[in-house]
Every structure is written in structure tokens, then in C-alpha cells.
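Here's the letter readout for the chains.
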Amino acid sequence: MRKRPIGQKVEENASVEEETATQVCKSACLSVWDSFLLLDSQYSAQMAVCATKESSLASMRPLMKLLEISCHGVPWILGALVLFFCSHKPSDIEVAFNMLIALLFDLVIVGTLKIIFQRSRPSHNVMDMFIAPSVDKFSFPSGHATRSAMMGLFLCIHIISNRLLIGVTCVWALSVSISRILLGRHHIFDVVCGFCIGLLSYYMFLKAWVSQETILTYLDSYFGHVHL
């Protein structure tokens, strides 16, 4: 019987030890992650004080629902379309067109991430949302949080100039995000990550901003008869 060289045995043992260490490390990381998600679920349940009509702050549920509708994708997209069709100045047309594209960009990012992670919504959530697509059965990330952060920045930088209104917009964006937890729609981690993703998405979108010249060039026939 042919014996294996000593060097080969050492390499095999080292490979086995490395594989075992990798498995241990992976198992430990998964255990920590599961513990984190469990804590996230527990604290989220404690903060869901408006989740149902029997919750401790159920009287505030209508306000939370109002905040929910104020940042729903459908009204925002319709609003961007109305702004686009009603604009006559080239600068206003540019802002309206890019707002519409930014909203669609946000939907693509959130929808993609929801499909990838497929985290279930909190067990205490009551699915009575206004026009909820099938992908909204997943919780991570919070689409309202991403949209409120992204549109809050968009409004403050490109549309609103009054300091008071800028402050109101910032409060609105934060209130929408917090309401997702209080209403029991999302876990805390979903909302925090969603808000950060919204901020990052805005700056990513700026790199693809469609200039006024480009818009007028490609849509000159329409703008020439309606807008200008």
C-alpha cells in the first residue's frame, strides 16, 4: 500500500482545520445575527403602540395612517406627473421630470431589496395598507422610510427655499419613518436601514440627473406645443 507524503498529510490537515474554523465562524455569525433579529422583533413589538385598535395609543392610529398615506408611492407619482404636465418654465419641467424618475428609481431599489431579503412583516402588523402591491408583504427595507428620506432631500434642495418649510419637511420625513414602527408596519431595523438607503439613493440618483437640455431635446415636440 502506497503511503501519502508527509507534506500532503499536513496540507490536508490544514485544509480540514481551515474549513472547520470557517464553519465555526459562520455558525457564530449566524447565531449573532439571529439574536439581533430576535431583539429587533422584540423591541419593535414594544414600540408598536398604534398597531391595532386595542393598542395602548390606538387613538393616534388615524394620525399614523395619515402619515402613511402622505408618503405612499401612488400620490407622489401622480403629484409628480401633475407637476410635470402643469409646468411651463424649463427649470420647473426639469425638476418635475427628475422627481418622477427619482420616485421610480426608489421603487425599483426597494422592490429589489424586498425580493432579495424577503423578511416577514411584524406579526402584530394589520395589513390594511392603502394600495399595497404583492411585494409589500415583505418588510425589509421600509419603502415609506426610503421615500420620505429621498423626497425630503429632493424637496429641500430643489423645490423649497423657505427655512420654515424646510424644517417642516424634515420633521415630516422623520415622522413618517417613526410612524412605520409605531403603526407596527416594520421592524426598527427595516426603518433605520430604509431611511439610510433613501439618503444614499438620492445621491446615487444625482449622478444620473437628466439635464434641462436633454429633456427639451428629446421631448421638444411636446414641450413646443404644450409647455413653452
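In this text, all values refer to a predicted model and were calculated from it rather than measured experimentally. (Residues numbered from 1 in each chain as written. Predicted model: local features only at pLDDT ≥ 70, side-chain atom pairs only at ≥ 80, totals over all residues. Heavy atoms only, no water.)

Looking now at the overall build of the protein chain. Along its length, the protein chain carries nine helices and zero strands. For the protein chain, the sequential pattern of α-helices and β-strands runs α-α-α-α-α-α-α-α-α. Long-range pairs, those at least 24 residues apart, make up 76% of the contacts in the protein chain between residues at least 6 apart in sequence. Carbon and sulfur atoms form 68% of the exposed surface of the protein chain, whose accessible area is close to 13400 Å². (Helix = DSSP H or I, 4+ residues; strand = E, 2+ residues; numbered from the N terminus. Contact = heavy atoms within 4.5 Å. Areas by Shrake-Rupley, 256 points an atom, 1.4 Å probe, with all protein chains shown as cover.)

So, on to unusual backbone geometry. In this structure, the amide linkage connecting Phe140 to the following residue, Pro141, adopts the cis form with an omega of -10 degrees. Among the secondary structure elements, Pro141 is positioned in the loop between α4 (90-117) and α5 (143-159). We note that Gln118 has phi near 50 degrees; this positive angle belongs to a residue other than glycine. Tracing the sequence through the fold places Gln118 in the loop between α4 and α5.

Further remarks concern a nonpolar patch on the surface. A cluster of nonpolar side chains, Leu57, Met60, Leu63 and Leu66, forms an exposed patch at the surface whose accessible area comes to about 350 Å². Classification of Leu63 as partly exposed rests on a relative accessible area of 45%. (Patch = residues over 30% accessible without salt bridge, like charges linked within 9 Å, V, L, I, M, F, W, Y side chains within 5 Å. Salt bridge = Lys/Arg side-chain N within 4 Å of Asp/Glu carboxyl O. Buried < 20%, exposed > 50% of the residue type's maximum accessible area, 1.4 Å probe, protein only.)

All chains considered together, the criterion is met by six salt bridges. For Asp40, the salt bridge goes to Arg119, with nearest N and O atoms at 2.9 Å. Of this pair, Asp40 sits in helix α1 (residues 6-47) while Arg119 is found in the loop between α4 and α5, placing the two residues 79 residues apart along the sequence. By relative accessible area, Arg119 is classed as buried at 15%.

A few words on the UniProt feature "transmembrane region" (unreviewed entry) in the protein chain. Under the UniProt annotation, the feature "transmembrane region" (unreviewed entry) is placed at residues 66-85, 97-117, 152-175 and 187-206. End C-alpha atoms of residues 66-85 are separated by 27 Å, and the span's content is 90% helix alongside 0% strand. (UniProt positions renumbered as here; feature names shortened; annotations may be inferred.)

By size, the foremost hydrophobic cluster in this structure holds 26 residues, and its most contacted members are Trp76, Met99, Leu103, Met151, Phe154 and Trp172. Of all the secondary-structure elements, those providing two or more residues to this core are α2 (61-70), α3 (73-86), α4, α5, α6 (163-182) and α7 (188-206). In this structure, Phe84, Ile93, Ala96 and Ile215 belong to the second largest nonpolar core, which totals five residues. (Core = buried A, V, L, I, M, F, W, Y, C linked by side-chain atoms within 4.5 Å.)

The subject of this paragraph is the environment of Gln212. Here Gln212 shows up in helix α8 (residues 212-218). In this structure, the C-alpha to C-alpha distance between Gln212 and Phe97, residues 115 residues apart in sequence, is 9.4 Å. A distance of 3.4 Å separates the side chain of Gln212 from the side chain of Glu94, its partner in a polar contact. (Polar contact = N/O pair within 3.5 Å; in protein donor to acceptor, adjacent residues only side chain to side chain.)

The first and last C-alpha atoms of α3 sit 20 Å apart over 14 residues, in line with the 20 Å expected at 1.5 Å per residue. Residues of α3 that are buried: Gly73, Trp76, Ile77, Ala80 and Phe84. Looking straight down α3, one finds its buried side chains confined to an arc of 95 degrees; they lie on one side. (Expected span 1.5 Å × (residues − 1). Arc of directions from axis to C-beta.)

Moving on, we get to the packing of aromatic side chains. For the structure on display, the rule yields 12 aromatic pairs. With a centroid separation of 5.7 Å and 15 degrees between ring planes, the pair formed by Phe140 and Phe189 is classed as stacked. With a gap of 49 residues between them, Phe140 in the loop between α4 and α5 and Phe189 in helix α7 connect regions that are remote in the sequence. Classification of Phe140 by relative accessible area gives buried; the value is 10%. A relative accessible area of 24% places Phe189 in the partly exposed class. (Phe/Tyr/Trp six-rings, centres within 6.5 Å; stacked < 30°, edge-to-face > 60°.)

A few words now on α4. Between its terminal C-alpha atoms α4 stretches 41 Å, which fits the 40 Å expected from 28 residues at 1.5 Å a residue. Gln118 lies just past α4 and shows a positive phi near 50 degrees.

Further remarks concern the side chain of Asp40. Asp40 gets classed as buried once you look at its relative accessible area, which sits at 6%. Within the structure, Asp40 has its side chain in polar contact with the side chain of Arg119 (distance 2.9 Å). If we skip the residues at most four places from it in the chain, Asp40 touches Arg119, His187, Ile188 and Phe189.

Running from amino to carboxyl end, α6 crosses α7 at an angle of 155 degrees, the nearest separation of the two axes being 8 Å. With respect to each other, α6 and α7 are oriented roughly antiparallel. Along this stretch, α6 crosses α7, giving a crossing that reads as right-handed. Contacts between α6 and α7 involve Ala173, Leu174, Ser177, Arg180 and Ile181 from the former and Ile188, Val191 and Phe195 from the latter. When the residues that make up the contact of α6 with α7 are grouped by side-chain class, the tally is six nonpolar, one polar and one charged. (Axes fitted to C-alpha atoms, helices over the stretch in contact; angles between N-to-C directions. Parallel < 35°, antiparallel > 145°, perpendicular 65-115°, else oblique. Left-handed = near helix turned anticlockwise from the far one by under 90°. Nonpolar A, V, L, I, M, F, W, Y, C, P; charged D, E, K, R; others polar.)

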